[in-house]
Amino acid sequence: MVKAICIDDKNKPPHFRQSKWLKEGQEYEIIYTCMCLPQKEVGVILAEIELGDEELPIEYFLLRRFAFTEENLLKLLELIKNCTETDFSLSELLEQTQLQEA
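From a predicted model like this one, the values you see are computed outputs, not experimental measurements.

A.B. asks: Hey, could you run me through the overall build of the protein in this one?
C.D. replies: Looking only at helices and strands, the protein has 2 helices and 6 strands in total. Along the protein, from the amino end to the carboxyl end, the secondary structure elements read β-β-β-β-β-α-α-β. Expressed as a percentage of its 102 residues, the buried residues of the protein come to 39%. Summarising the internal contacts of the protein: among those between residues at least 6 apart in sequence, 53% fall at separations of at least 24. When the accessible surface of the protein is summed, it comes to about 6,300 Å², and 49% of that surface belongs to carbon and sulfur atoms.

Here it is, written out as structure tokens:
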């Protein structure tokens, strides 16, 4: 699991219950990642929010909604590699995320 801080809770889809949406400034734990299409961005599953049929077609939160400490960014890179078996560079990861001050 990788700790992250939500930095963008805007544009909640109208059909989402508030209890299933992100809260800016709150810490979450990322437990899984995948490449989301058609956005071609990394999506994440969080330990704290279980998305179900009511939230479809949304199954993941986009990675760009979160910030990471440098230590957790390296953990995230390892998680992405483990989940996708894709060679993802640190520079590509930095394009989709933001560093958080420790």
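That covers the picture; the talk isn't over yet.
A.B. asks: What is the right way to look at the pairing of strand β1 (residues 2-6) in this model?
C.D. replies: Looking down a regular strand, the side chains alternate between one sheet face and the other. The buried fraction of β1 is high, at 4 of 5 residues. Summarising the sheet, β1 and strand β2 (residues 27-36) pair through 4 bridges and their orientation is antiparallel. Considered in β2, the bridge of Val-2 is made with Ile-30. Bridge count between β1 and strand β5 (residues 66-68): 2 bridges; the pairing is antiparallel. Across the sheet, residue Ile-5 finds its bridge partner in β5, namely Ala-67.

A.B. asks: How should I be thinking about the nonpolar core in this particular structure?
C.D. replies: Note that soluble globular proteins tend to have their nonpolar side chains buried in a common cluster. Counting 20 residues, the largest nonpolar core has Leu-22, Ile-30, Leu-46, Phe-61, Phe-66, Phe-68 and Leu-76 as the members making the most contacts within it. When contributions to this core are tallied by element, the ones reaching two or more residues are β1, β2, β3 (41-46), β5 and α1 (70-84). At 4 residues, α1 tops the list of elements feeding residues into this core. In this structure Phe-61 touches Phe-16, Lys-20, Trp-21, Leu-22, Val-42, Gly-43, Val-44, Leu-46, Ile-49, Leu-51 and Phe-66, once residues within four positions along its chain are discounted.

A.B. asks: Would you mind showing me how to read the packing of aromatic side chains here?
C.D. replies: Where two aromatic rings form a pair, the distance of their centres and the angle of their planes describe that pair. Considering all chains together, one arrives at 4 aromatic pairs under this definition. A ring pair is formed by Phe-16 and Phe-61, whose centres lie 6.5 Å apart and whose planes are at 65 degrees; its orientation type is edge-to-face. In this pair, Phe-16 sits in the loop between β1 and β2 while Phe-61 sits in strand β4 (residues 61-62), placing the two residues 45 residues apart along the sequence. Within the aromatic cluster, the residues linked to one another by ring pairs are Phe-16, Trp-21 and Phe-61.

Rules used in this analysis
Residues numbered from 1 in each chain as written. Predicted model: local features only at pLDDT ≥ 70, side-chain atom pairs only at ≥ 80, totals over all residues. Heavy atoms only, no water. Helix = DSSP H or I, 4+ residues; strand = E, 2+ residues; numbered from the N terminus. Buried < 20%, exposed > 50% of the residue type's maximum accessible area, 1.4 Å probe, protein only. Contact = heavy atoms within 4.5 Å. Areas by Shrake-Rupley, 256 points an atom, 1.4 Å probe, with all protein chains shown as cover. Pairing = 2+ DSSP bridges. Core = buried A, V, L, I, M, F, W, Y, C linked by side-chain atoms within 4.5 Å. Phe/Tyr/Trp six-rings, centres within 6.5 Å; stacked < 30°, edge-to-face > 60°.

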